[in-house]
Amino acid sequence: MRANFGPILGLIVLAGIFAAGSARGEDAAESCDVPSYLLTNESALPKVADAIKSGGTLEVLVLGSRSSTIATSEASAYPGRLQAILRDRFPSIKVNVSLELQPKKTAEEVTSGLAKLMEGKKPTLVIWQTGTVDAIRSVDPDDFRSAVDEGVTALQNAGADVILINPQYSPRTETMISMPPYLDNMRAVAQQHDIPLFDRFAIMRQWNDSGDFDLFSASHGIELAKRVHDCLGHALSEFVIAAAHLDPAQQN
Amino acid sequence: MTSIADRIAQPPVGTTDAIAPAAAAAAPAISFPAVGERELRLDLFRGLALWLIFIDHLPPNLLTWLTLRNYGFSDATEIFIFISGYTAAFVYGRAMEQAGFVVATARILRRAWQIYVAHVFLFTIFLAEISYVASSFENPLYSEEMGIMDFLKQPDVTIVQALLLRFRPVNMDVLPLYIVLMLFLPLILWLMRWKADVTLMLSVALYAITWKYDLYLTAYPNGYWAFNPLAWQLLFVFGAWCALGGARRMSAILSSPVTLWISAAYLFAAFCVTLTWYVPQLGHMLPHWLEQWMYPIDKTDLDVLRFAHFLALAALTVHFVPSNWPGLKSPWLRPLILCGQHSLEIFCLGVFLAFAGHFVLAEVGGGALLHFVISLSGILIMCAVAWVISWYKHAADKSAPRKGAGGNADMAGGG
């Protein structure tokens, strides 16, 4: 599953950078298929559907943390990719994806600052990515759950559709960070509010297992991060479109 | 986590553990070993639990699909804590009867100290691993996850908190739980000798209060103990209660077909629910109300569904694996039994091997095959070390009679 690993990998990556360069990012979308059950769900995004059908503005706010970005390459992180792909798919409407970073904040800390954060903003859709910081600090899962629950309620009251994104699959730190309680609780909150959960953890694990990406890689380069985020952007846009029950072909 | 018996406590125990040999033969339930014979089923299943814990601590691979937690609510931890309670009560209960409360308490504390030292040893290894990862791993994709290394900035606080058992990295939660349970063992045994049923009821009451008022032990830098001793004590005390005669009294209930069918039905239902975790396409088949009621199934506080799952498993196991089951003498199961007999050593080794295996996988890479080879060699190493320890104890303890699996000095319960 990670047969290309080892000292040779460095050379391959180097060669890849020189030879393939920018082509890599574009090819990546094809090498990172996501099983359809990870991209579909029963919950709906009525406000997103309305915005697109009425040809208005689709204002998306990504409420994220460090793993919503790539340090030196903001535009190639998944929120940027999401914007590019959605604009491409729905040329007739205005699509804006903005990113609100909440680095090193637990769900509870983010929730308590939500009122201030949402002031003057009217997003159609809020994509809330959380869980990693809570897992690192091993916050009580019950507290985590009620914080996410409260946050989702607040966002819905502010008039937005909500999608939750769970933590990344990170095999290197698996022995150090215990993710399962946080993944379970996010799923529970999503079920309870009947909102879509973008299962980033399962998707990335799928890529790692199938050999699309070597997420064990100790590589210091930025290429892997860019490719993964590009694929996440693609998967997320498909997920949003599926949850809004839209057929993009009709919109063009 | 696991091992209970005090080495000095053993030789007298081995010769005097004659409790109701007739009951042992007649009742399919867990019962005391007959004279001179050790309850090999305890060793067998504790050994099995050790293997499963080791495999579960490695990154998921082929063998992971063989572990218990994929097929129901409870996992190897439940087996371990229960058997630990059982053997601890058995060994130290006897010691308390023979040598009195004070001496038995001293022996228990000595054992708790050994487990503590083992925990600190494992923590040192963990520290080495995490420091290495921190200094060598800078994948920009995971800069957020690297926040886990922040504690390295304050080694003084971290190490003191670790010594106080308040800072416990992932996979190192079991020994602290075990230490706490051992510290309370003298009290539990003292109460048990007074009135076993009342003790069990007190334990259930503590469990209920823990759930009702959400009691927990805090951890460092924040959070809580991943295995809440206030809840998990229920399994430990239940094990002790079984060892001190409860199992014998329950044997009629345990062997009744009604119990067996209920257990089987519950295990099947749990299996179906578990299936929806791994085959998410089936997720929608689960009624919404059931999900609302059931989730989350809490491991920290030993969810009642997990406890019930363990009970159902245990009921079926004691029925289908009677204590006179010939397979227990089979050379094929001998490695498992040996591992179970030296559980503290093998548990620690397992945690270490899981760290090491993870390290090899990360550094060398390689596919599913290497993964499989690492899991397998880990288990082989555990067996080999268990065999060496066993051999050494035979050789060192010349006065002990040398016969089969039962001849070992630390057999009667713990080792």
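Residues numbered from 1 in each chain as written. Chains lettered and ligands numbered in written order. Predicted model: local features only at pLDDT ≥ 70, side-chain atom pairs only at ≥ 80, totals over all residues.

**Q** Please provide a residue-by-residue account of the sheet that holds strand 1 (residues 57–64) of chain A, values included.
**A** All names here are of chain A. Strand order in the open sheet formed by five strands is 2-1-3-4-5, and the pairing between neighbours is parallel. Looking at strand neighbours, the two that pair on one side only are strand 2 (94–101) and strand 5 (197–198), the edges of this open sheet. Contacts from helix 3 (residues 46–53) reach strand 1, strand 3 (125–129) and strand 4 (161–165) within the one sheet, and its direction differs from that of strand 1 by about 145 degrees. Against the sheet, helix 4 (residues 78–89) contacts strand 1 and strand 2, and its axis sits at roughly 175 degrees relative to strand 2. (Pairing = 2+ DSSP bridges. Helix = DSSP H or I, 4+ residues; strand = E, 2+ residues; numbered from the N terminus. Contact = placed C-beta atoms within 7 Å. Axes fitted to C-alpha atoms, helices over the stretch in contact; angles between N-to-C directions.)

**Q** Before we move on, can you summarise the packing of helix 11 (residues 257–278) of chain B against helix 13 (residues 304–320) of chain B with the specific residues and values?
**A** Residues and elements named next belong to chain B. With their axes 9 Å apart at the nearest point, helix 11 and helix 13 run at an angle of 130 degrees to one another. What the angle tells us is that helix 11 and helix 13 run oblique. Crossing angle aside, the handedness with which helix 11 passes helix 13 is left-handed. Residues Thr-259, Leu-260, Ser-263, Ala-264, Tyr-266, Leu-267 and Ala-270 of helix 11 form the contact with helix 13, whose participating residues are Ala-308, His-309, Ala-312, Leu-313, Ala-315, Leu-316 and His-319. Its residues assigned to classes, the contact of helix 11 with helix 13 shows 10 nonpolar, four polar and no charged. (Parallel < 35°, antiparallel > 145°, perpendicular 65-115°, else oblique. Left-handed = near helix turned anticlockwise from the far one by under 90°. Nonpolar A, V, L, I, M, F, W, Y, C, P; charged D, E, K, R; others polar.)

**Q** Please give an account of unusual backbone geometry that cites residues and values.
**A** All names here are of chain A. Phi is positive for Lys-104, close to 55 degrees, though the residue is something other than glycine. By the element assignment, Lys-104 lies in the loop between strand 2 and helix 5 (107–112). Judged by the 15 C-beta atoms lying within 10 Å of it, Lys-104 falls in the partly exposed class. The residue Asp-194 is not glycine, and still its phi comes out positive at about 55 degrees. Along the chain, Asp-194 falls in the loop between helix 9 (180–193) and strand 5. (Buried ≥ 20, exposed ≤ 12 C-beta atoms within 10 Å, placed from the backbone.)

**Q** Describe helix 11 (residues 223–243) of chain A, and please don't skip the residues or the numbers.
**A** The α-helix advances 3.6 residues per turn, and as a result positions three or four apart in sequence lie on the same side. Residue and element names in this part refer to chain A. Compared with the 30 Å implied by 1.5 Å per residue over 21 residues, the 30 Å span of helix 11 between its first and last C-alpha is a close match. The element helix 11 is largely enclosed, with a buried count of 18 among its 21 residues. Following helix 11 by one or two positions, His-245 has its phi on the positive side, about 55 degrees. (Expected span 1.5 Å × (residues − 1).)

**Q** Lay out the confidence of the model for chain B with the relevant residues and their values.
**A** All names here are of chain B. Per-residue confidence for chain B gives a mean pLDDT of 82, with 86% of residues at or over 70. Within the model, pLDDT remains below 50 along residues 1–36, and this stretch shows 99 contacts once partners closer than five positions in the same chain are excluded. Under the prediction, the complex receives an ipTM of 0.78, its pTM being 0.74. (pLDDT = per-residue confidence, 0-100.)

**Q** Describe the packing of helix 5 (residues 101–136) of chain B against helix 7 (residues 174–183) of chain B, with residues and values.
**A** All names here are of chain B. Their axes nearest at 9 Å, the elements helix 5 and helix 7 cross at an angle of 165 degrees. When the interaxial angle is binned, helix 5 and helix 7 end up roughly antiparallel. Pair helix 5 / helix 7 crosses with left-handed handedness. Judged by residue contacts, Ile-108, Arg-111, Ala-112, Ile-115, Tyr-116, Ala-118 and His-119 of helix 5 engage Leu-175, Pro-176, Tyr-178, Ile-179, Met-182 and Leu-183 from helix 7.

**Q** Let's hear about the pairing of strand 3 of chain A: which residues, and what values?
**A** Residues and elements named next belong to chain A. Counting buried residues along strand 3, five of its five residues qualify, which places the element largely inside the surrounding structure. What you see with strand 3 is no split at all: Leu-125, Ile-127 and Gln-129 on one side and Val-126 and Trp-128 on the other are buried throughout. Bridge count between strand 1 and strand 3: four bridges; the pairing is parallel. When the bridges of strand 3 are listed, Val-60 appears paired with Leu-125. Here five bridges tie strand 3 to strand 4, and the two strands are oriented parallel to one another. Along strand 4, the bridge assignment pairs Ile-127 with Ile-163.

**Q** Residues and numbers for the nonpolar core, please.
**A** In globular proteins that are soluble, nonpolar side chains generally tend to be buried together. With 101 residues, the main nonpolar core has Ala89(B), Tyr92(B) and Ala240(B) as its most contacted residues. If we ignore the near neighbours within four places in the chain, the residues touching Ala240(B) are Gly85(B), Tyr86(B), Ala88(B), Ala89(B), Ile188(B) and Met192(B). Core analysis: the next-biggest nonpolar cluster, separate from the first, contains 80 residues, Phe90(A), Phe198(A), Phe213(A) and Ala225(A) among them. (Core = buried A, V, L, I, M, F, W, Y, C linked by C-beta atoms within 7 Å.)

**Q** If you had to explain the interface of chain A and chain B to someone new, which residues and values would you point to?
**A** Residue-level contacts link 43 residues of chain A with 37 residues of chain B. Mapped onto the side of chain A that touches chain B, the elements with two or more residues apiece are helix 7 (132–136), helix 9 and helix 11 of chain A. Here the residues of the side of chain A that touches chain B are counted per class, giving 19 nonpolar, 15 polar and nine charged.

**Q** Break down helix 10 (residues 229–255) of chain B for me, with residues and values.
**A** Taking 1.5 Å per residue, 27 residues should reach 39 Å; helix 10 of chain B reaches only 31 Å between its end C-alpha atoms and comes up short. The largest bend in helix 10 of chain B amounts to roughly 80 degrees and is located at Gly246(B). (Bend = angle between axes of the 7 residues up to and from the residue.)

**Q** Residue-level account of the pairing of strand 1 of chain A, with values.
**A** All names here are of chain A. Buried residues dominate strand 1, accounting for seven of its eight residues. Two elements, strand 1 and strand 2, share eight bridges in a ladder whose sense is parallel. Residue pairing in the sheet places Thr-57 in a bridge with Lys-94 of strand 2.

**Q** Got a sec to walk through the environment of Val351(B)? Specific residues and values, please.
**A** All names here are of chain B. By the element assignment, Val-351 lies in helix 15 (residues 343–364). We classify Val-351 as buried; it has 25 C-beta atoms within 10 Å. Expressed as a C-alpha distance, the spacing of Val-351 and Ala-315, which sit 36 residues apart in the sequence, is 29 Å. Not counting the four nearest positions on each side in its chain, Val-351 is found in contact with His-57, Leu-122, Asn-171 and Met-172.

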